[in-house]
Amino acid sequence: MRKLILTFSIVTIIFFGCITYLRFDSYGNTFEKRQNIINKNIKNENVKILSELEFQGHIICELSSHKKYGYAMFFPNRSGDFLLKKWYMKNSNMIIDLVRIDGNLYDILMCSKPNLEYAERKVTDSKTGKVVSQKINLSGENIALALFPDLSSYELNVRFIDKEGNILRIA
């Protein structure tokens, strides 16, 4: 009877230990864990995290792989652990995408060129022709977020300017 209780106890401890390990292994609470989670989800790409940006409690990772460029976004769950919410990679050195953070939509603007000074974002209302320009200070970062315009139809033009004044455009 003691052997049966001992065996059951050992099996139970091992079982719950495995569940706990697998559960905590899916959290991106450290840089290394985020790197592992990204590589598990983006298979056969050998993706590296280049930089990270914290924005309203979320972590946005700038990613690079071979000729691809992109990002991964982690959000905190109720207990404060970070889970992968979204990732996006493409064959370009500039990215504009739309992300939802805490119920709000944001344009994510990224450029892999080093030494960026700022991004200029110009939104043109398709109905009225009204143009709203925004200068977003980057201070050497490659990621910026801008609140999505509350328009039904618009044209977006973004350009990145480096510290030497060189301009990179995204139409």
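Everything below is about the structure printed above this text.
Here we summarise the structure given alongside this text. None of the values given here were measured: they were computed from a predicted structure. (Residues numbered from 1 in each chain as written. Predicted model: local features only at pLDDT ≥ 70, side-chain atom pairs only at ≥ 80, totals over all residues. Heavy atoms only, no water.)

Moving on to the overall build of the protein. For the protein, the count of helices and strands is two helices and eleven strands. Helices and strands in the protein line up, N terminus first, as α-α-β-β-β-β-β-β-β-β-β-β-β. Expressed as a percentage of its 171 residues, the buried residues of the protein come to 35%. If you take every contact in the protein between residues at least 6 apart in sequence, the share linking residues at least 24 apart comes to 48%. Split by element, the accessible area of the protein, about 10600 Å² in all, is 55% carbon and sulfur. (Helix = DSSP H or I, 4+ residues; strand = E, 2+ residues; numbered from the N terminus. Buried < 20%, exposed > 50% of the residue type's maximum accessible area, 1.4 Å probe, protein only. Contact = heavy atoms within 4.5 Å. Areas by Shrake-Rupley, 256 points an atom, 1.4 Å probe, with all protein chains shown as cover.)

Phi angles above zero are rare outside glycine, and Q56 is one such case at about 50°. Checked against the element boundaries, Q56 lands in the loop between β1 (48–55) and β2 (58–65). The phi torsion at H66 lies on the positive side, around 45°, for a residue other than glycine. You can see H66 is positioned in the loop between β2 and β3 (68–76). On the basis of relative accessibility, which here comes to 67%, the residue H66 falls in the exposed class.

All told, the structure shown has five salt bridges when counted by the stated rule. Taking the shortest distance from any N to any O, the salt bridge between D97 and K86 comes out at 3.1 Å. Taken together, the positions of D97 in strand β5 (residues 94–101) and K86 in strand β4 (residues 82–90) put the pair eleven residues apart, joining distant regions of the chain. Residue classification places D97 among the buried positions, given a relative accessible area of 18%. Residue classification places K86 among the partly exposed residues on the basis of a relative accessible area of 26%. The salt bridge partner of D162 is K113, with a shortest N-O separation of 3.2 Å. Taken as a pair, D162 in strand β10 (residues 154–162) and K113 in the loop between β6 (104–111) and β7 (116–125) lie far apart in primary sequence, 49 residues in all. Accessibility expressed as a relative area gives 2% for D162, which makes it buried. Judged by relative accessible area, K113 falls into the partly exposed class, the value being 27%. (Salt bridge = Lys/Arg side-chain N within 4 Å of Asp/Glu carboxyl O.)

Under the defined criterion, the tally for this structure stands at three aromatic pairs. Ring centres of Y71 and Y88 lie 6.2 Å apart, and the angle between their planes is 50°; this geometry places the pair in the tilted category. Of this pair, Y71 sits in strand β3 while Y88 sits in strand β4; the two residues are 17 residues apart in sequence, bridging distant segments of the chain. A residue is classified by how much of its surface remains accessible, and Y71, at 0% relative accessible area, is buried. (Phe/Tyr/Trp six-rings, centres within 6.5 Å; stacked < 30°, edge-to-face > 60°.)

A regular strand carries its side chains on alternate faces of the sheet. With four of five residues buried, strand β9 (residues 143–147) is to be regarded as a mostly interior element. Note: β6 against β9, five bridges, orientation antiparallel. Paired with D107 across the bridge in β9 is A146. (Pairing = 2+ DSSP bridges.)

If you walk across this open sheet you meet the four strands as β1-β2-β3-β4, and the pairing is antiparallel. In this open sheet, the two strands that pair with only one neighbour each are β1 and β4. Across the sheet, the mean angle from the axis of one strand to that of its neighbour is 20°, orientation sign disregarded. Note that β1 and β2 share seven bridges and pair antiparallel. Opposite F55, over in β2, you have H58 as the bridge partner. Across the sheet, helix α2 (residues 31–41) is in contact with β1, β2, β3 and β4; its angle to β1 comes to roughly 115°. (Axes fitted to C-alpha atoms, helices over the stretch in contact; angles between N-to-C directions.)

Everything listed here is a matter of coordinates, which is why it stays silent on function.
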